[in-house]
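Architecture and fold: a report
The residues making up each chain are set out below.
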Amino acid sequence: MDSDSKKRLAAEAAIDYLEVGSIVGVGTGSTVNHFIDALARVKGKIDGAVSSSEASTARLKGHGIPVLDLNACGELGLYVDGADEATRHLHLIKGGGGALTREKIIAAASRKFVCIADDSKLVDVLGAFPLPVEVIPMARSYVARELLQRGGQPVLREGFVTDNGNLILDVHHLEILEPAALERDLNQIVGVVTNGLFAARPADALLLGGDDGVRTIDGSSGV
Ligand code: 5RP
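Reference entry: report on the structure contained in this document.

The rules behind these values
- Residues numbered from 1 in each chain as written.
- Predicted model: local features only at pLDDT ≥ 70, side-chain atom pairs only at ≥ 80, totals over all residues.
- Heavy atoms only, no water.
- Salt bridge = Lys/Arg side-chain N within 4 Å of Asp/Glu carboxyl O.
- Helix = DSSP H or I, 4+ residues; strand = E, 2+ residues; numbered from the N terminus.
- Buried < 20%, exposed > 50% of the residue type's maximum accessible area, 1.4 Å probe, protein only.
- Near = heavy atom within 4 Å.
- Polar contact = N/O pair within 3.5 Å; in protein donor to acceptor, adjacent residues only side chain to side chain.
- Areas by Shrake-Rupley, 256 points an atom, 1.4 Å probe, with all protein chains shown as cover.
- Core = buried A, V, L, I, M, F, W, Y, C linked by side-chain atoms within 4.5 Å.
- Contact = heavy atoms within 4.5 Å.

Brief notes about the pattern of salt bridges
Inspection of every chain in the model, using the stated rule, returns 13 salt bridges. When the shortest N-O distance is used, the salt bridge between Glu12 and Arg41 registers 3.1 Å. A residue pair is termed long-range when its members are at least 10 positions apart, and Glu12 in helix α1 (residues 3-13) and Arg41 in helix α2 (residues 30-41) qualify at 29 residues. Using a relative accessible area of 59% as the deciding quantity, one classes Arg41 as exposed. In this structure, Glu75 and Arg111 form a salt bridge, with 2.9 Å as the shortest nitrogen-oxygen distance. Remark: Arg111 occurs in strand β6 (residues 110-118) and Glu75 occurs in the loop between α3 (54-62) and β3 (76-81); sequence separation between them is 36 residues. On the accessibility criterion, Glu75 (52% relative accessible area) is exposed. Exposure remark for Arg111: the relative accessible area of 48% places this residue in the partly exposed category. Within this structure, Glu19, Glu75 and Arg111 form a network of salt bridges that share partners.

In structure tokens:
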């Protein structure tokens, strides 16, 4: 099975987590696009969505799904999003699509975070995928020097501006053995908006699409 079909399987499985009459948080990326398409088929069950990017907003609205301001919604019951890498401990690297800050905000504001991905995203140790760091433009060089001191190799994502008007540094060559500690440390660098490690607030469940269907890893299974 190709990776896009695996992504679709995982995305469609996330529909089972929806609560009738709720507002669902929606992430960004090709896996989430399958989730949005599946959501459109059951849109009568939900009151609307909170979106993590302009791209997801456009797709949701294209399907006639109301998009609401997070500030008007209180705590969300469910957030569904993809990942660039995930461990069996439900720690993630996200931000390949550059939407990491809004994604992290919605994840923090949600009771349950269901991560959807194809099975190639499962890794033992995070860091083969370059870690995205969103940076205020005037701090770009300073933050890059700080990242070099921490053993990373930052590369500016050329021609890319986030929905918040900032830049992304993709940090190569990090072997991330303590994701929560690194997440905290990088967020202390002045000029960093946030980084793509999701460890302080990990996923609650990981749905992995594969040749044999969808495998679920949740906090209690730990496999
Ligand atoms: C966007 C993200 C995405 O969830 C991540 O890049 C995975 O994308 P895809 O579903 O296209 O593989 O974090 O900022």
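Some points on the site of the ligand
Surrounding the ligand, one finds 17 residues, the nearest of these being Ser30, Thr31, Asp84, Gly95 and Lys121. Interatomic distance of 3.5 Å between a side-chain N/O atom of Asp81 and an oxygen atom of the ligand. Here Gly95 contributes a backbone N or O atom positioned 2.8 Å from an oxygen atom of the ligand. Here the ligand has 380 Å² of accessible area as a free molecule, and 91% of this is covered by the chains.

Digging into the nonpolar core
Counting 24 residues, the largest nonpolar core has Val24, Val26, Phe35, Leu39, Val114 and Ile116 as the members making the most contacts within it. Look past the residues within four positions of Phe35 in its chain and what remains in contact with it is Ala11, Ala14, Ile15, Val24, Val26, Val80 and Ile116.

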